[in-house]
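Architecture and fold: a report
What follows is the residue order along each chain.
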Amino acid sequence: HLAQIGVTGLAVMGSNIARNLARHGHTVALHNRSIGKTDALIAEHGGDGDFIRTETTAEFVAALERPRRVLIMVKAGDATDAVINELADLMEPGDIIIDGGNSLYTDTIRREAAMAARGLNFVGAGISGGEEGALNGPSIMPGGPAESYESVGPLLESISAHVDGIPCCTHIGPDGSGHFVKMVHNGIEYADMQLIGEAYDLMRNVLGMEVTEIADVFRDWNTGVLDSYLIEITAEVLSQVDAETGKPLVDVIVDAAGQKGTGRWTVKSALDLGIPTTGIAEAVFARALSSSTEQRKNAQGLVAGTAGAQTPEDKAAFVEDIRKALYASKVVAYSQGFDQIKAGSEEYGWNVQPGKLATIWRGGCIIRAKFLDRIREAYDENPELPALLLAPYFRDAVETSVESWRRVIITATAAGVPVPSFASSLSYYDALRAERLPAALTQGLRDYFGAHTYLRVDKPGSFHTLWGGDRSEVEA
Ligand code: NBP
């Protein structure tokens, strides 16, 4: 008998996806560079469904029905290229290679073109949800040729998470689009986590709350508009007590955040596209600062200068202010993320539908949240929405939070507690709604030192002031 799909790369993600496929009644051919992982999977979970064990890549390819469908779940980068090339040599026109790893979208664009030239269909699929999602239903963002989605879509949809009966998997667009949106998804995840961290820090270091009390606040927040996976697990992590010391676990974890690179990729892409994705950038930089341990150690004795700081008198009211600041900043981060997706889609001609994306992010993935329903509705109502922040629901949400938002930042600043994402998100909002920006002065300076010219508010054309001469204005 032959397999409907093959999975190569059987580390955590690959083995869980293979099991998920088997549990949904698909026959799955298994392959891994070293046979140990394949055998371990069959020994431990062979009962999950119909698996075909293969050792060599040739055996693996021969175990598949046609058109062949292979899902690659290996380390992103060179390993993925090596596996693609090995498979491509053994496959035939019309066969489909799916890369489910966290590949950089520009790699996916390159690989898709190379495979297309050989008659093969290449699907770069972003998969979110971590280990647990891979096993029980991830959010899947497949790009690549539309025809290939007809073949792999039903398979992938069957194993994805479902919300209200709708699969959290949809065709995103051509070549690198799936990995691009997965990248921005991860960037948004960085922003979300940074905002949660700032909210926690404010409760801990401005209000002086106990960790367990803060856990209860997050548990409570998870019943309202902030209802989401990350808020839910924040309560879990904060409730955890270290067995060895009896302290809250969060107090024995080293406060230096790691990163694997997707946040950094998102910010690099935002810079290239000229999109101010400040929420994500602040989050990436905040992780970098946290890991500058040597500098931090040396700076610890610096005078804080927070003599004027006052603890808010009404604790409950300030907690509510923090909740609103978190929500408003989150709206900004998502609005910026969707702006970046729109810009990427235009740059590469992908025609990504933001509403469809919000729909498949409602379940399975790390940023899953009630909130995504509101985003979906906003794009359903107006697919041409200039910015998420300007959709009526989100406009209201931010406008009714803005006073709290300002109070939180003023209080944090006076107390010397860093709130880079809260503060920069508010500055972004204030800049966006400003009637005039100091960019006019920037233009004046650029014209002064570099004759870069400027536009005038009152007439068409480009102008230059003769700064070194009689300072009269000439048309450029
Ligand atoms: P890893 O990213 O740790 O990769 C391990 C797998 O890659 C093993 O099967 C290993 O084979 C194989 N491999 C390597 Br390394 N080099 C190879 C090569 N040159 N040729 C063939 N195989 C090679 O596994 P993971 O954490 O399960 O993640 C898999 C993919 O999914 C990655 O791209 C990751 O970024 C992505 N992803 C991960 C998560 C997550 O939560 N972990 C979430 C979403 C996406 P071996 O057993 O022979 O060493």
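Labelled according to an unreviewed UniProt entry, the protein chain appears under the name 6-phosphogluconate dehydrogenase, decarboxylating, originating from Gordonia hydrophobica. In its Pathway (unreviewed entry) section, UniProt records this for the protein chain: "Carbohydrate degradation; pentose phosphate pathway; D-ribulose 5-phosphate from D-glucose 6-phosphate (oxidative stage): step 3/3." Under the UniProt heading Catalytic activity (unreviewed entry), the note attached to the protein chain is "6-phospho-D-gluconate + NADP(+) = D-ribulose 5-phosphate + CO2 + NADPH".

One finds Phe 218, Trp 221, Trp 361 and Phe 422 to be the most contacted residues of the largest nonpolar core, which totals 84 residues. Those residues in contact with Trp 361 that lie beyond four places of it in its chain are Ser 139, Met 141, Val 181, His 185, Ile 188, Phe 338, Ile 341, Ile 367, Arg 368, Ala 369 and Leu 372. The next biggest cluster of nonpolar side chains, apart from the first, holds 26 residues, and it includes Ile 5, Leu 10, Ala 18 and Ala 134.

This part takes up the pattern of salt bridges. The final tally for this structure, using the stated rule, is 32 salt bridges. Between Glu 65 and Arg 69 there is a salt bridge, and its shortest N-O distance comes to 3.2 Å. Connected through shared salt-bridge partners, Asp 81, Asp 99, Asp 107, Arg 110 and Arg 111 make up one network.

As used in these notes, a disulfide is a covalent bond between sulfur atoms, one from each of two cysteines. Applying the stated criterion to the full structure yields zero disulfides. Of all cysteine sulfurs in the structure, the one in Cys 365 sits closest to Cys 168, which takes part in no disulfide; the separation is 7.2 Å.

This part is about the site of the ligand. Met 13, Asn 32, Ser 34, Lys 37 and Val 74 are the nearest of the 19 residues found near the ligand. In this structure, Leu 10 approaches the ligand through a main-chain N or O atom, which is 3.5 Å from an oxygen atom. In this structure, Asn 32 approaches the ligand through a side-chain N or O atom, which is 2.7 Å from an oxygen atom. When residues of the shell around the ligand are traced back to their parent elements, those giving at least two are α1 (12-23) and α4 (78-90). Taken together, the residues of the shell around the ligand break down into ten nonpolar, six polar and three charged.

Now for the environment of Ala 257. Tracing the sequence through the fold places Ala 257 in the loop between α11 (249-252) and α12 (262-273). Since its relative accessible area comes to 32%, Ala 257 is described here as partly exposed. For the pair Ala 257 and Met 209, spaced 48 residues apart in the sequence, the C-alpha separation amounts to 23 Å. Ala 257 has contacts with Arg 287, Ser 290 and Ser 291, leaving out every residue within four places of it along the chain.

Criteria and thresholds
Residues numbered from 1 in each chain as written. Predicted model: local features only at pLDDT ≥ 70, side-chain atom pairs only at ≥ 80, totals over all residues. Heavy atoms only, no water. UniProt positions renumbered as here; feature names shortened; annotations may be inferred. Core = buried A, V, L, I, M, F, W, Y, C linked by side-chain atoms within 4.5 Å. Buried < 20%, exposed > 50% of the residue type's maximum accessible area, 1.4 Å probe, protein only. Contact = heavy atoms within 4.5 Å. Salt bridge = Lys/Arg side-chain N within 4 Å of Asp/Glu carboxyl O. Disulfide = S-S within 2.5 Å. Near = heavy atom within 4 Å. Polar contact = N/O pair within 3.5 Å; in protein donor to acceptor, adjacent residues only side chain to side chain. Helix = DSSP H or I, 4+ residues; strand = E, 2+ residues; numbered from the N terminus. Nonpolar A, V, L, I, M, F, W, Y, C, P; charged D, E, K, R; others polar.

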